[in-house]
Amino acid sequence: DAMVIQNPRYQVTQFGKPVTLSCSQTLNHNVMYWYQQKSSQAPKLLFHYYDKDFNNEADTPDNFQSRRPNTSFCFLDIRSPGLGDAAMYLCATSRGGFGTGENEQFFGPGTRLTVL
Amino acid sequence: GDSVTQMEGPVTLSEEAFLTINCTYTATGYPSLFWYVQYPGEGLQLLLKATKADDKGSNKGFEATYRKETTSFHLEKGSVQVSDSAVYFCAPSSGGSNYKLTFGKGTLLTVNP
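Residues numbered from 1 in each chain as written. Chains lettered and ligands numbered in written order. Predicted model: local features only at pLDDT ≥ 70, side-chain atom pairs only at ≥ 80, totals over all residues. Heavy atoms only, no water.

Peer 1: An account of the pattern of salt bridges is needed here, citing residue identities and associated values.
Peer 2: All names here are of chain B. Taken as a whole, this structure holds 7 salt bridges over all chains when the rule is applied. Among the salt bridges present, the one from Lys 52 reaches Asp 55, with a minimum N-O distance of 3.4 Å. Residue class for Lys 52 comes out partly exposed when judged on its relative accessible area of 48%. Across the pair Glu 63 and Lys 56 runs a salt bridge whose closest N-O atoms are separated by 3.6 Å. Classification of Glu 63 as partly exposed rests on a relative accessible area of 35%. (Salt bridge = Lys/Arg side-chain N within 4 Å of Asp/Glu carboxyl O. Buried < 20%, exposed > 50% of the residue type's maximum accessible area, 1.4 Å probe, protein only.)

Peer 1: How would you summarise the interface of chain B and chain A if you had to cite specific residues and measurements?
Peer 2: Of the residues lining the interface, 22 residues belong to chain B; the matching set on chain A comes to 25 residues. Summed over both partners, the interface of chain B with chain A buries about 1,800 Å², with 57% contributed by carbon and sulfur atoms. Here chain B is connected to chain A by 2 salt bridges. With a closest N to O distance of 2.9 Å, Glu 57 of chain A and Lys 100 of chain B form a salt bridge. Counting across the chain B and chain A interface gives 6 residue pairs in polar contact (both at pLDDT 80 or more). Elements that contribute at least two residues to the side of chain B that touches chain A include exactly strand 5 (33-38) and strand 6 (44-50) of chain B. (Contact = heavy atoms within 4.5 Å. Buried area = accessible area lost by both parts, 1.4 Å probe. Polar contact = N/O pair within 3.5 Å; in protein donor to acceptor, adjacent residues only side chain to side chain. Helix = DSSP H or I, 4+ residues; strand = E, 2+ residues; numbered from the N terminus.)

Peer 1: I'd like a description of the environment of Asn 56 of chain A, backed by residues and values.
Peer 2: Residues and elements named next belong to chain A. Note that Asn 56 resides in strand 6 (residues 53-56). Residue Asn 56 is classed as partly exposed on the basis of its relative accessible area, which comes to 41%. Those residues in contact with Asn 56, other than ones at most four positions away along the chain, are Leu 46 and Phe 47.

Okay, here's the thing in structure tokens:
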């Protein structure tokens, strides 16, 4: 089945120690997104890639970076995690067209990040 | 800017009760409308969608109708089950670039046997 895969499901890191979360997709979608979701809150969009074009949200801290080496993979790098970065990180994809039905987002299961 | 106002929870119902979760939105252009569901510890799953006025999205007994005149997309289910316990997010596409979504704050639904 076509899907969005996130690894690992649970990640523990230390304060200030860089960490990378990964996402892969078999849907061949143009757009890949990274969201941060804290407890009992809505997902917050950090950035997205439309093909190779990177689009950062205005309020995303510089501490968060992303890479998309090919269509299938996208990485979230947190350069110096703080306690406030502990959250669920969700990856999503969409076709990215402008017609109807093109903009449904498909989500992965998420990575729960703990910062000690 | 685009925004979503979603009924605040938590909502607690008994099994077989009727469910309504209200959602109204402001958005640029002509958005598509989505309801996503999130079960504990999991990612979001698309529950249903509607892409034009008066469209009714439906899935698993849930329904929502795209009301352009009232900019609303209320979620309903006639008879909830314990397995429907989850958080529900209303999400119109946003910003004129239809491939971004604006999420509501989410409504936690608990269904008791």
